[in-house]
Amino acid sequence: MMNIAIQAIRKAGDFVVKQYEFFDKNSICSNHINDLIYKINEQSSNIIATIIRKFYPLHTIVTTWHDHNINDNICCKENIRWIIGSIDSDINFIKQFPFFALSISVFFKEHIEIGVIYDPIHNELFSACRGKGAQLNGYRIRVGTAKNLNGGIIAISCVYEKRHVVINFLNKLNNKYIYFRYTGATILDLAYVAVGRVDGCIVIFLKNINNNKLASGTLIIRESGGLIVDFTGTDHYLLFGNVIAGNAKIIRTILPLVQSSGIDA
């Protein structure tokens, strides 16, 4: 299944890059941009789904971009679900800011077994299989070894409605020597934690947002030796969409700061 996931996401990535190269935001009416992104997500998901169905016709396929099961008419006898993520971030794609990615997660009986994240612009494919480690383009990766936040890089991903929480959090760190990054692509931020490019990541979503697209990133971090918790320090991050990621020492440093910033778990 890992080989099929990689084959499918690379083919979809090739399609998305072609759309990106010819995307002229200045010549498209703003009212039509969302429709165009919808069609690009739909076509890239169909590319992935077609390849999956060819090899696993009885598996369930779900997309995160419209919360709709695109394989409703097929009985899920094997209890395996493929979660196809939409372009993350679509606004980066529209503005031609070259940081976005596609993702695939494979669940078996509610446990994520496979996670794949593909950045087609930089041709970087992050992957993990439960219990078998994480890789970037076929090479083993490990989470960073920072012992504290001093001189570290923290990636922040936040929905617009929760921006005030980020401000409160940053105010608590105004006397610390920390660098911050906001790429706008949450799953890339998680992948960058796994490969050690950033030392930690804080994700603040809303409870009613489909957070399944985070699953691939969380598996890749765990398999690279990192930790994932929600804002209560437990593992319910996919339920609430609030995530702290990093190595154990970074998690222990960030968690109390986040909890004192007025963020709902």
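Residues numbered from 1 in each chain as written. Predicted model: local features only at pLDDT ≥ 70, side-chain atom pairs only at ≥ 80, totals over all residues. Heavy atoms only, no water.

1. Some words on the sheet that holds strand S12 (residues 243–246)
In step 1: Spatially, S9-S8-S10-S12-S11 is the arrangement adopted by the five strands of the open sheet, whose pairing is mixed. The sheet is open, and its two edges are formed by strand S9 (179–181) and strand S11 (227–229), each paired on a single side. Put simply, the sheet's adjacent strands are angled 20 degrees from each other on average, direction ignored.
In step 2: Strand direction decides the pairing type here: strand S8 (residues 153–158) and S9, joined by three bridges, are parallel. Residue pairing in the sheet places Ile 154 in a bridge with Phe 180 of S9. (Pairing = 2+ DSSP bridges. Helix = DSSP H or I, 4+ residues; strand = E, 2+ residues; numbered from the N terminus. Axes fitted to C-alpha atoms, helices over the stretch in contact; angles between N-to-C directions.)

2. Some thoughts on the pairing of S8
In step 1: Most of S8 is tucked away, with five of its six residues classed as buried.
In step 2: Relative to strand S10 (residues 200–204), S8 is paired through five bridges, and the arrangement is parallel. Counted as the bridge partner of Ala 155 is Cys 201 from S10. (Buried < 20%, exposed > 50% of the residue type's maximum accessible area, 1.4 Å probe, protein only.)

3. Re the confidence of the model for the chain
In step 1: In this model, the chain carries an average pLDDT of 84, and 82% of its residues clear a pLDDT of 70 or more.
In step 2: Within the model, pLDDT remains below 50 along residues 67–77, and this stretch shows 22 contacts once partners closer than five positions in the same chain are excluded. (pLDDT = per-residue confidence, 0-100. Contact = heavy atoms within 4.5 Å.)

4. Some details on the pairing of strand S5 (residues 124–129)
In step 1: Burial within S5 is extensive, with five of its six residues counted as buried.
In step 2: Examined bridge by bridge, strand S4 (residues 111–119) and S5 share six bridges and lie antiparallel to one another. From the neighbouring strand, Val 116 faces S5, where its bridge partner is Ser 127.
In step 3: Hairpin connection from S4 to S5: four residues lie between these consecutive antiparallel strands, with Asn 123 at a positive phi of about 50 degrees.
In step 4: Pairing between S5 and strand S6 (residues 134–136): three bridges, direction antiparallel. In the sheet register, Phe 126 faces S6, and the bridge partner there is Leu 136.
In step 5: Between S5 and S6, which follow one another and run antiparallel, lie four residues, and Gly 131 among them has a positive phi close to 85 degrees.

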